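Below, each chain spelled out in residue letters.
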Amino acid sequence: MKHKYDIIVVGGGHAGAEASLAAARLGNKTLLITLDKNGISRMSCNPAIGGLAKGHLVAEIDALGGEMGKLIDKTGLQFKILNKSKGRAVWSPRAQADKIQYSKTMSETVTSQNNLDVLEDMAIKINVANHVISSIDTEKNGTISCKSLILTCGTFLNGKMFIGDNVYEGGRWGERKSYGLTESLNNHGIESGRLKTGTPPRIHKDSINFSEMTPQHGDPDPKPFSFQTTNFAPPNIPCYITKTNPETHKIIYNVLDISPLFTGAIVGSGPRYCPSIELKLIRFKEKHSHLLFVEPEWLNSNQYYINGYPTSIPLDAQLKSIRTVPGLKNAEFIQAGYAIEYDYFPSRQLYRTLETKNIQNLYLAGQINGTSGYEEAAALGLIAGINASQKINKKEPFILERSESYIGVLIDDLITKNPTEPYRMFTSRAEYRLLLRFDNADRRLSTKGYNLGLLPKQAYEKVVIKNQVINKTINHIRSTFYSPDKINDILINKQENPVKSGVSLDKIIKRQNIHFSDIINILPNNLISEINQSASIKEQIDIDIKYEGYIKRNLDLIESVKNHEHYKIPKNIQFSDIQTITHEAREKLDLIKPETLGQASRISGVSPADITSLMIYLKRK
């Protein structure tokens, strides 16, 4: 460990791991400071990666050269595509993880990375000279200098844990909290707040009666998260479904008056879309049961996670209520459920690069930005690591737009919508979600990953060849007419009306019951051999043709708003001086300080009329 680095990353969670790897791989002398070397990318809550829209983030991290997708492919216990009954835009991959192997493998990746040192210590104070970060003070190793600092402290900043009326200090169960940094940032004008999240109890496998539950297996033909993964043959370990019932709910209702969520002990806002079981009962009073997912935490695990039952009610009530659930009559706890409250920093104080507006070369990433979830944290960590490197190396900032990635949507939402509760990614948040599917993340973003220097050349060339084959095939399909005797047997077999004259195959594929795989064998042999190099090539051709009209409509819309989206707003503008916009809009614009008109237009309380007036004002100036 040296005492001078290009980039220091504080926090070894999912954000910190991606940030430190990106910074080191881009040629910077990097230090990762963490409380526990063995806890890097530890899954402190649910043992899974992906899910609705979160799977899209993982695929984008992978395409940019990040680690999460490759890692879950190596350590997953079962893989499943969610939402397959709906349109392709909302299909999302999810994998149950071996949480022990996941963290162990990431720790090995981080500690073996060139240009990257790992230090077990606590960062307690930032040092700033002329509004530029200069160094950080640590608990055991004194002051360490840096050119850039990335804070990814997760739930550790002044962390408090709650089980009933018992309060414990810590960042996770069994781990100490981090202190000093919040106060240090506050002293430099960076505002903080409090958020809350929760985790369910863990139950001993031998106390569970799985015969009273419904088993849930992964897909029989699993798909990897990473386009770089080969020879993919993961296990298919089952999870189980059970339900709460009125008796469960009655026990929980009886202790609400001493639950820290209702006594005022917890002041931070919790996640709206993953609420504690006690809040579910209040919000959904009409429901007599709630689904619970009983999930193994590692291969051959004796410990099961009760997904759907995060709670902070007293321990005896937790156990009593859980034992009313089918299959859990004899449940024995390994760890009780608990709530955790921690400091965060509203992201309106950041640029889209994730650099703070108050202090140059200071970046914030992960749950301290106000997010929830491993995937959101990893995505933010990757972007912070990239941009800290870009700035040090005097290169252009790396910014992803809403129209090209879920990562772009995530960052833009955090900055402009100023969420006051933990933010969770959904496909509904992306207005161009048909273009931003998880299956085409490599085609959308691998060029950027390669140009940055994060994605290996071999992986990038794989995507280049894939695109060439797709384009070549689609051109052939659109420009070549096939006679009825070539295609009518296929149409009749698929219960589609036959054709009477020659037709291009794109019109055939657009029929409801026809897919590209149905007609591939009538293509020229040399083209078939190229297509058969990859199953994803067939899938992409099918999607590109079937959704062609919708895709074009999205692209036209993006083009029509491009000038508006990228019109830059000067940093020194005083919105309060613009009398032609409403008082509310002036307040919101002064608070968030958007970088572009596009950002300004998405701020709650700023109307289209305000944007028009702002644009006129800027053009006059």
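Below you will find a few notes about this structure. (Residues numbered from 1 in each chain as written. Predicted model: local features only at pLDDT ≥ 70, side-chain atom pairs only at ≥ 80, totals over all residues. Heavy atoms only, no water.)

If you look at the biggest cluster of nonpolar residues, it comprises 109 residues, and the most contacted ones within it are I8, L149, L151 and L614. The biggest single contributor to this core is helix α10 (residues 374-392), with ten residues. With sequence-adjacent residues up to four places away left out, L151 is seen in contact with V10, L181, L185, L362, Y363, L364, A365 and I368. Core analysis: the second largest hydrophobic core is formed by 25 residues, I470, I474, I487 and I519 among them. (Core = buried A, V, L, I, M, F, W, Y, C linked by side-chain atoms within 4.5 Å. Buried < 20%, exposed > 50% of the residue type's maximum accessible area, 1.4 Å probe, protein only. Helix = DSSP H or I, 4+ residues; strand = E, 2+ residues; numbered from the N terminus. Contact = heavy atoms within 4.5 Å.)

It is worth spelling out the environment of N451 at this point. Mapped onto the fold, N451 is located in helix α12 (residues 441-452). Residues N451 and K104, spaced 347 residues apart in sequence, show a C-alpha to C-alpha distance of 30 Å.

Right, let's talk about helix α3 (residues 68-75) for a bit. The element α3 is largely enclosed, with a buried count of six among its eight residues. All buried positions along α3 are accounted for by M68, G69, L71, I72, D73 and T75.

Considering all chains together, one arrives at eight aromatic pairs under this definition. When the centroid spacing of 5.2 Å and the interplanar angle of 75° are considered together, the rings of Y168 and W173 count as edge-to-face. Residue classification places Y168 among the partly exposed residues on the basis of a relative accessible area of 34%. You can call W173 partly exposed: its relative accessible area is 36%. Taking 5.2 Å as the distance between ring centres and 55° as the angle between the ring planes, the aromatic pair formed by F210 and Y304 counts as tilted. With F210 in the loop between β13 (202-204) and β14 (214-216) and Y304 in strand β17 (residues 303-307), this pair connects stretches of sequence that are 94 residues apart. (Phe/Tyr/Trp six-rings, centres within 6.5 Å; stacked < 30°, edge-to-face > 60°.)

What follows is about the sheet that holds β14. Overall, antiparallel pairing links the six strands, which are arranged β14-β15-β16-β17-β13-β18 in an open sheet. Each edge of the sheet is formed by a strand with only one pairing partner; in this case those strands are β14 and β18 (333-335). Here the strands of the sheet are splayed against their neighbours by 35° on average, with no regard to which way each runs. Relative to strand β15 (residues 239-243), β14 runs antiparallel, the two sharing three bridges. What sits directly across from T214, in β15, is I241. Across the face of the sheet, helix α9 (residues 315-322) comes into contact with β13, β17 and β18 while running at roughly 135° to β18. (Pairing = 2+ DSSP bridges. Axes fitted to C-alpha atoms, helices over the stretch in contact; angles between N-to-C directions.)

A separate point is helix α19 (residues 548-566). Between its first and last C-alpha, α19 extends 26 Å over 19 residues, near the 27 Å set by a 1.5 Å rise per residue. Close packing links the buried residues of α19 with α18 (535-546) and α21 (597-601). (Expected span 1.5 Å × (residues − 1).)

Now for the sheet that holds strand β5 (residues 92-97). If you trace the three strands from one edge of the open sheet to the other, you get β3-β5-β4, paired in antiparallel fashion. On the outer flanks of this sheet lie β3 (48-50) and β4 (76-82), each paired with one strand and no other. Averaged over all pairs of adjacent strands, the angle between strand axes in this sheet comes to 15°, irrespective of strand direction. Of the strand pairs in this sheet, β4 and β5 are connected by six bridges, and their pairing is antiparallel. Looking at the pairing, F79 lines up with A95 of β5.

Turning our eyes to something else, we now look at the packing of α3 against helix α4 (residues 99-111). As a packed pair, α3 and α4 sit with axes 9 Å apart at the nearest point and diverge in direction by 135°. Put simply, α3 runs oblique to α4. Both α3 and α4 take part in a crossing whose hand is right-handed. For the pair formed by α3 and α4, the contact residues are M68, L71, I72 and T75 on the first element and Q101, Y102, T105 and M106 on the second. Along the lines of polarity and charge, the residues of the contact of α3 with α4 split into five nonpolar, three polar and no charged. (Parallel < 35°, antiparallel > 145°, perpendicular 65-115°, else oblique. Left-handed = near helix turned anticlockwise from the far one by under 90°. Nonpolar A, V, L, I, M, F, W, Y, C, P; charged D, E, K, R; others polar.)

Evaluated as defined, the whole model comprises 42 salt bridges. The partner of R402 in a salt bridge is E431, with the nearest N and O atoms 3.0 Å apart. A residue pair is termed long-range when its members are at least 10 positions apart, and R402 in the loop between α10 and α11 (406-416) and E431 in the loop between α11 and α12 qualify at 29 residues. Since its relative accessible area comes to 7%, R402 is described here as buried. Note that D412 and R602 form a salt bridge whose closest N and O atoms lie 2.4 Å from each other. Within this pair, whereas D412 is found in helix α11, its partner R602 is found in the loop between α21 and α22 (608-620), the two being separated by 190 residues in sequence. Like D412, the residue R602 is buried in the burial classification. Residues joined by salt bridges that share partners form a network here, namely R402, D412, D413, E431, E565 and R602. (Salt bridge = Lys/Arg side-chain N within 4 Å of Asp/Glu carboxyl O.)

Judged by how many residues are buried, strand β8 (residues 132-138) sits mostly within the fold: five of seven residues are covered. By the bridge criterion, six bridges tie strand β7 (residues 123-129) to β8 in an arrangement that is antiparallel. Each residue of the ladder has a partner; that of K125, found in β8, is D137. Connecting the antiparallel pair β7 and β8 is a turn made up of two residues, with N130 showing a positive phi of about 55°. Of the strand pairs in this sheet, β8 and strand β9 (residues 142-151) are connected by four bridges, and their pairing is antiparallel. Each bridged residue has a counterpart across the sheet, and for T138 the counterpart in β9 is G142. Two successive antiparallel strands, β8 and β9, enclose a turn made up of three residues.

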